[in-house]
Amino acid sequence: MFNLDLCIEPLFPGLNSSEKIIKIASSGFKAIEFWFWDHEFDGVNLTPRPKDIDEISSIVSDRDITVNNIVVNAPDGSIGGSLTNINDKSKYLARLEETISIAKKLRCSKMITCTGNIIEGVPIESQKDSILQILSAAAEMAKQEGITLLLEALNSTIDHPGYYLTSTREGFEIIRTVGSPNLKLLYDVYHMQIMEGNLINTILANIEDIGHFHMANLPGRIELYDGEINYKKILESIDAAGYNGYYGLEYWPSVDTEKSLVETLQYLQ
């Protein structure tokens, strides 16, 4: 069985994060991830309201649940700042420091970071230089704190119009230019199927620079077992390459969440 974690945000709409984690634990999953420590997502709206981190820490400890990663900043930079904007450097690093303190309370050692959107009127080379400069400082902070940062490439066609990092080619280039063992790429199979395809070949050629996977099927960002992507083949190929980290399920159930989770486990077994 593969190491799976569940992104709690799209699941069990209407419940808060603590309630979702309790439901997930009873469904047989042993690891989770979530978005922002100071926002709640009810399945429709993202609301500025801090999660009860002390309560979550107690829940995951009591149920032996791993918190695999949490998110530093929003894809568009509206939370925590943008890497594309050098003027956001202090804001982003302060946000990173805050998020590290939250992660430590949860015994979590990985964090997802986003580039932010392309800034109209600013040369693209300047924006890339900003990304490299801020990520270099962030990677050094992560190294000192024993944290791995996961840089995520997203699709700009459906979900994140205007987002800067939309290709694994540039993502791996950024990772290798920064050159820190504490900075890896988050390979999101759903996003990269939309943007570039050639999934297995790209993954296997760059597996040492991948720190985490996200998975959902399409169209619709739904369960792994229903859609155009052959996840069994992908997972078997990655497993054979020696990857032993987690695979994050970040999808929107097309049926009742509990039924969806049961059927997803059956598919993967």
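Residues numbered from 1 in each chain as written. Predicted model: local features only at pLDDT ≥ 70, side-chain atom pairs only at ≥ 80, totals over all residues. Heavy atoms only, no water.

### Brief notes about the pattern of salt bridges
A side chain with one charge may pair with a side chain of the opposite charge, provided their charged atoms come close. Definition in use: Each reported salt bridge corresponds to a side-chain nitrogen of Lys or Arg within 4 Å of a carboxyl oxygen of Asp or Glu. Runs of E in the DSSP output that reach at least two residues are strands. Runs of H or I that reach at least four are helices, and both are numbered from the N terminus. In this scheme, a residue with accessible area under 20% of its type's maximum is buried, one over 50% is exposed, and one in between is partly exposed, where area comes from a 1.4 Å probe on protein chains only.
In this structure the tally under the stated criterion is nine salt bridges. Taking the shortest distance from any N to any O, the salt bridge between E170 and K128 comes out at 3.8 Å. Note that E170 is positioned in helix α5 (residues 168–178) and K128 in helix α4 (residues 124–145), a separation of 42 residues in sequence. In this pair, the class of E170 matches that of K128, namely buried. For R221, the salt bridge is made with E250, and the minimal N-O distance between the two is 3.2 Å.

### A word on the nonpolar core
In plain terms, the rule: Put simply, buried Ala, Val, Leu, Ile, Met, Phe, Trp, Tyr and Cys residues joined by side-chain atoms within 4.5 Å make one nonpolar core. Every residue pair with non-hydrogen atoms within 4.5 Å of one another is taken to be in contact.
Among the nonpolar cores identified, the biggest contains 79 residues, and L96, M111, V189, F213 and Y247 are the most heavily contacted of them. Among the elements that take part in this core, α4 stands out by supplying eight residues, more than any other. If sequence neighbours within four positions are ignored, F213 has contacts with L186, Y187, V189, I203, I207, I238, Y243, Y246, Y247 and G248.

### As for the pairing of strand β5 (residues 66–71)
Convention followed: By definition, two strands form a pair when at least two bridges between them are found by DSSP.
In terms of burial, β5 is largely enclosed, as five of its six residues are buried. Here strand β2 (residues 31–34) runs beside β5; their pairing, made up of four bridges, is parallel. Looking at β5, one finds that E33 is bridged to N69. Two elements, β5 and strand β6 (residues 110–113), share two bridges in a ladder whose sense is parallel. Across the sheet, V71 pairs through a bridge with I112, a residue of β6.

### Some thoughts on a negative patch on the surface
Stated precisely, the cut-off is as follows: In this scheme, patches are assembled from residues that exceed 30% relative accessible area and form no salt bridge. Like charges are connected within 9 Å, while nonpolar side chains (Val, Leu, Ile, Met, Phe, Trp, Tyr) are connected within 5 Å. The accessible surface values rely on the Shrake-Rupley method and a 1.4 Å probe; as for residues, cover is taken only from the protein chains in view. For the purpose of counting charges, residues Lys and Arg are taken to be positive, whereas Asp and Glu are taken to be negative. His and the chain ends are not included. To locate a charge, take NZ of a lysine, CZ of an arginine, CG of an aspartate or CD of a glutamate.
A cluster of acidic residues, E19, D52, D54 and E55, forms a negative patch at the surface. Mapping E19 onto the fold places it in helix α1 (residues 17–26).

### Describing the packing of α4 against α5
The condition is simple: A fitted line through C-alpha atoms serves as each axis, taken over the contacting stretch for helices, and the angle formed by two N-to-C directions is quoted from 0 to 180°. For classification purposes, an angle smaller than 35 degrees is called roughly parallel, one larger than 145 roughly antiparallel, one from 65 to 115 roughly perpendicular, and anything else oblique. Should the near helix be turned counterclockwise from the far one by less than a right angle, the crossing is left-handed, whereas a clockwise turn marks it as right-handed.
Packing of α4 against α5 brings their axes to within 10 Å, and their N-to-C directions diverge by 50°. Regarding the angle of α4 to α5, the classification is oblique. Note on packing geometry: the crossing formed by α4 with α5 is right-handed. In contact with K128, I131, L132, L135, S136 and A139 of α4, α5 contributes E170, E173, I174, T177 and V178.

### Topic: the packing of aromatic side chains
Aromatic ring pairs are reported here in terms of the distance separating the ring centres and the angle at which the planes meet. To keep it simple, the criterion reads: Centres within 6.5 Å make a pair out of two Phe, Tyr or Trp rings, where for Trp the six-membered ring is used; the pair is then stacked when the planes are under 30 degrees apart, edge-to-face when over 60, and tilted otherwise.
Evaluation of the coordinates by the stated rule reveals eight aromatic pairs. Ring geometry for F2 against Y247: centres 5.8 Å apart, planes inclined by 75°, an arrangement best described as edge-to-face. Note that F2 is positioned in the segment before β1 (4–7) and Y247 in strand β10 (residues 247–249), a separation of 245 residues in sequence. We classify F2 as buried; its relative accessible area is 19%. Judged by its relative accessible area of 1%, Y247 falls in the buried class. Here the aromatic rings of Y243 and Y247 are separated by 5.2 Å at their centres, their planes lie at 70°, and the arrangement is edge-to-face.

### Remarks on the sheet that holds strand β7 (residues 148–152)
Taken together, eight strands build a closed barrel; the order of strands is β1-β2-β5-β6-β7-β8-β9-β10 and the barrel is parallel. Taken pair by pair, the neighbouring strands of this sheet meet at an average axis angle of 30°, ignoring direction. Helix-sheet contacts for α4 involve β6, β7 and β8 (183–188), and the interaxial angle to β7 is about 150°.

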